[in-house]
Amino acid sequence: MIFIYHDYGGTHTTSLAAAYHLNKLPTHRKLTKEEILAVDYFNQLTASDMGKLIFRGLDEDGNPVYTVGKGNSKAVLPAMVHMASMLQDKFKNDEPIIFSNTSPTVPMMMSIGGFLSRGLKLDVIGVPFLVNGAQQCCRTIYELVLHTKDTAAARAATDSVIILDNQHFKRKRQ
């Protein structure tokens, strides 16, 4: 299986999801500021990184984990899904590709922090908002990762491309 976590910027909730997926974060408590800021690529990507698949590592089963930021484009995800389907058909690949949307987990604090830090380059103001937002939603992101893995395992035999919009995580994030 190939896992791809996606959202608007590809640097906050996707980074946390990839870190949880790769067992790099504790799952039994709220994350500390230091743990959040130490996550690979957390608050590091810029607009020039939109649409780039970023390899995060191999999970415990040897499955590659990637993240991608979509930016304002409504075409990035459909294009990636179409490309994945086309390549699987062309090369007779039976390895499922899972696209999991982390956007529903984003609390308002994280949106504000991301805009201030990434958009306006005001890290001194934005980062505290980001950390607070990450602490608010870290449990929900972990649950989203578990859901992604479980759904992938259940559907792998029948679906070559799996798209999870994860909208049911919106009400869990607060």
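Before reading on, note that the structure itself is shown above.
Only a predicted model underlies this, so the values are computations on that prediction, with no experimental measurement involved.

A count of helical and extended segments in the protein chain gives five helices and five strands. For the protein chain, the succession of helices and strands along the chain, N to C, is β-α-α-β-β-α-β-α-α-β. For 174 residues, the compact-globule formula gives about 16 Å, and the C-alpha radius of gyration of the protein chain, at 16 Å, lands near that figure. With 174 residues in all, the protein chain has 49% of them scored as buried. Taking all contacts inside the protein chain whose residues are at least 6 apart in sequence as the whole, residues at least 24 apart take part in 70%. For the protein chain, the computed accessible surface area is about 8800 Å², with 58% contributed by carbon and sulfur atoms. If you average the places of the 19 positive and of the 16 negative side-chain charges in the protein chain, the two averages end up 7 Å apart.

What follows deals with the packing of helix 1 (residues 13–21) against helix 5 (residues 123–155). The geometry of helix 1 relative to helix 5 is characterised by a closest axis approach of 9 Å and an angle of 55 degrees between their N-to-C directions. On the basis of their axis angle, the class for helix 1 and helix 5 is oblique. The crossing of helix 1 and helix 5 is right-handed. Within the contact between the two elements, helix 1 uses T13, L16, A17, Y20 and H21 and helix 5 uses A134, C138, I141, Y142, V145 and K149.

With a phi close to 70 degrees, Y41 is a non-glycine residue in the positive phi region. Counting through the fold element by element, Y41 comes out in the loop between helix 2 (33–37) and strand 2 (54–58). The exposure class assigned to Y41 is partly exposed, which follows from its relative accessible area of 36%. At N43, a residue that is not glycine, the phi angle is positive and equals roughly 60 degrees. Within the fold, N43 resides in the loop between helix 2 and strand 2.

Glancing now at the nonpolar core. Core analysis: the largest hydrophobic core is formed by 31 residues, its most contacted members being Y5, L16, Y20, L25, L31, F42 and M110. Of all elements in the fold, only strand 1 (2–7), helix 1, helix 5 and strand 5 (161–164) reach the threshold of two or more residues within this core. Looking at this core, the element that brings in the most residues is helix 5, giving 11 residues. By size, the runner-up hydrophobic cluster in this structure holds 11 residues, among which are I2, I4, A84 and V161.

With that settled, consider the packing of aromatic side chains. Under the counting rule described, the total for this entry stands at two aromatic pairs. On the basis of an interplanar angle of 50 degrees and a centroid distance of 5.4 Å, the ring pair of Y20 and Y142 is categorised as tilted. Of this pair, Y20 sits in helix 1 while Y142 sits in helix 5; the two residues are 122 residues apart in sequence, bridging distant segments of the chain. Each member of the pair, Y20 together with Y142, is buried.

A word on the pairing of strand 2. Where strand 2 lies against strand 3 (residues 64–69), four bridges are found, and the strand directions are antiparallel. Along strand 3, the bridge assignment pairs F55 with Y66. Count of turn residues in the strand 2/strand 3 antiparallel hairpin: five residues, of which G62 carries a positive phi of about 80 degrees.

Time to look at the sheet that holds strand 3. Read from one edge of the open sheet, five strands run 2-3-1-4-5, paired in mixed fashion. Each edge of the sheet is formed by a strand with only one pairing partner; in this case those strands are strand 2 and strand 5. For this sheet, the mean inter-axis angle between neighbouring strands, taken without regard to orientation, is 20 degrees. When strand 4 (residues 97–101) meets strand 5, the two strands line up parallel, connected through four bridges. Pairing of I98 across the sheet is with I162, part of strand 5. Here helix 3 (residues 76–91) sits on the sheet and contacts strand 1, strand 3, strand 4 and strand 5; the angle it forms with strand 4, its principal contact strand, is near 170 degrees. Across the sheet, helix 5 touches strand 1, strand 4 and strand 5, and the angle it forms with strand 5 is around 150 degrees.

Analysis parameters
- Residues numbered from 1 in each chain as written.
- Predicted model: local features only at pLDDT ≥ 70, side-chain atom pairs only at ≥ 80, totals over all residues.
- Heavy atoms only, no water.
- Helix = DSSP H or I, 4+ residues; strand = E, 2+ residues; numbered from the N terminus.
- Rg over C-alpha atoms; globule rule 2.2 N^0.38 Å.
- Buried < 20%, exposed > 50% of the residue type's maximum accessible area, 1.4 Å probe, protein only.
- Contact = heavy atoms within 4.5 Å.
- Areas by Shrake-Rupley, 256 points an atom, 1.4 Å probe, with all protein chains shown as cover.
- Lys, Arg positive; Asp, Glu negative; His and termini not counted.
- Charge placed at Lys NZ, Arg CZ, Asp CG, Glu CD.
- Axes fitted to C-alpha atoms, helices over the stretch in contact; angles between N-to-C directions.
- Parallel < 35°, antiparallel > 145°, perpendicular 65-115°, else oblique.
- Left-handed = near helix turned anticlockwise from the far one by under 90°.
- Core = buried A, V, L, I, M, F, W, Y, C linked by side-chain atoms within 4.5 Å.
- Phe/Tyr/Trp six-rings, centres within 6.5 Å; stacked < 30°, edge-to-face > 60°.
- Pairing = 2+ DSSP bridges.

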